[in-house]
Amino acid sequence: MTEATPRRKRFPIIRRVLRNWRTRHQDPRNFAIHMIGIPLAMAGAVALFFVPWYWGVGAIVVGYLLQWIGHRWEGNDVGEWAGIKRLLGLPTVAISPRFSQSPKTPPSASD
């Protein structure tokens, strides 16, 4: 009799990163605009090698601008800016207050 070995999870770091990213992008408008802004910025980075520089830079700027607009809607800091603020010791807003779950308080003994 052999015990069935538990199935090993593949790519646990990627799942954790995606779960964290999804937690910071809960507003549907922010999520949708990121689905446009991220590929546009990435395409701009690739385009820098194949087309005139201003097309690549323009795509990167517009892509990041869209993401910044999404984070304004969401009410939290843009990921890169949050990292810079943490390094400088400034307060950051990782998850919008309207989406953060308040800690559940245990019922008091007098109830």
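Shown above is the structure to which this text applies.
These numbers come from a predicted model, not from an experiment.

What counts and what doesn't
Per-chain numbering applies: the sequence of each chain, read as written, is numbered from 1 onward. Only residues with pLDDT of at least 70 are given local features in this predicted model, and only at 80 or more are side-chain atom pairs given and counted; all residues enter the totals for whole chains, interfaces and linings. Values reported for side chains reflect all heavy atoms of the structure, with hydrogen atoms and water molecules removed beforehand. A run of H or I in DSSP becomes a helix once it reaches four residues, and a run of E becomes a strand once it reaches two; helices and strands are each numbered from the N terminus. Think of it in three bands: with a 1.4 Å probe and only protein chains considered, a residue is buried below 20% of the maximum accessible area for its type, exposed above 50%, and partly exposed in between. A contact between two residues is defined here by any heavy atoms of the two lying within 4.5 Å. Shrake-Rupley sampling with a 1.4 Å probe provides the accessible areas, and residues are treated as covered by the protein chains on show and by no other component. A pair of Phe, Tyr and Trp rings is counted when the ring centres sit within 6.5 Å of each other, with Trp represented by its six-membered ring. The angle between the planes then sorts it: under 30 degrees is stacked, over 60 is edge-to-face, the rest tilted. By salt bridge we mean one thing: a side-chain nitrogen of Lys or Arg within 4 Å of a carboxyl oxygen of Asp or Glu. For the purposes of these results, a polar contact is taken to be a pair of N or O atoms within 3.5 Å, where, inside protein, one atom must be able to donate a hydrogen and its partner to accept one; residues adjacent in sequence count only when each atom of the pair is a side-chain atom.

## Focus: the overall build of the chain
Reasoning step 1: Secondary structure assignment for the chain yields four helices and zero strands.
Reasoning step 2: Along the chain, from the amino end to the carboxyl end, the secondary structure elements read α-α-α-α.
Reasoning step 3: Counting across all 111 residues of the chain, residues that qualify as buried make up 21%.
Reasoning step 4: Taking as baseline every contact in the chain between residues at least 6 positions apart, the subset at least 24 positions apart corresponds to 46%.
Reasoning step 5: For the chain, the accessible surface area stands at approximately 9200 Å², while carbon and sulfur atoms represent 67% of it.

## Quick word on the packing of aromatic side chains
Reasoning step 1: This model, assessed by the stated rule, comprises two aromatic pairs.
Reasoning step 2: A ring pair is formed by Trp53 and Tyr54, whose centres lie 5.9 Å apart and whose planes are at 80°; its orientation type is edge-to-face.
Reasoning step 3: By relative accessible area, Tyr54 is classed as partly exposed at 48%.
Reasoning step 4: Ring centres 6.0 Å apart and planes at 40° place the aromatic pair Tyr54 and Trp55 in the tilted group.
Reasoning step 5: An aromatic cluster of three or more residues is present, and its members are Trp53, Tyr54 and Trp55.

## Side note on the pattern of salt bridges
Reasoning step 1: In the structure shown here, the tally under the stated rule is two salt bridges.
Reasoning step 2: Note that Asp27 is salt-bridged to Arg29, the shortest N-O span being 3.2 Å.
Reasoning step 3: Among the residues examined, Arg29 registers a relative accessible area of 41% and is labelled partly exposed.
Reasoning step 4: For the salt bridge of Lys85 with Asp77, the shortest nitrogen-to-oxygen distance reads 3.2 Å.
Reasoning step 5: By relative accessible area, which is 14% here, Lys85 ends up buried.
Reasoning step 6: A residue is classified by how much of its surface remains accessible, and Asp77, at 10% relative accessible area, is buried.

## Remarks on the side chain of Gln67
Reasoning step 1: Assignment of secondary structure puts Gln67 in helix α3 (residues 53–74).
Reasoning step 2: For Gln67, a relative accessible area of 10% puts it in the buried group.
Reasoning step 3: What Gln67 contacts, discounting residues up to four positions off in sequence, is Asn30, His34, Gly37, Ile38 and Ala41.

## With respect to the side chain of Asn76
Reasoning step 1: Of note, Asn76 is situated in the loop between α3 and α4 (79–87).
Reasoning step 2: Polar side-chain contacts of Asn76 include one of 2.7 Å to the side chain of His71.
Reasoning step 3: Those residues in contact with Asn76, other than ones at most four positions away along the chain, are Arg24, His71, Val93, Ala94, Ile95 and Ser96.

## Considerations on the environment of Gly75
Reasoning step 1: Looking at where Gly75 falls in the secondary structure, it is placed in the loop between α3 and α4.
Reasoning step 2: The sequence separation of Gly75 and Asn30 amounts to 45 residues, and the corresponding C-alpha distance is 9.8 Å.

Honestly, it's all geometry; don't read function into it.
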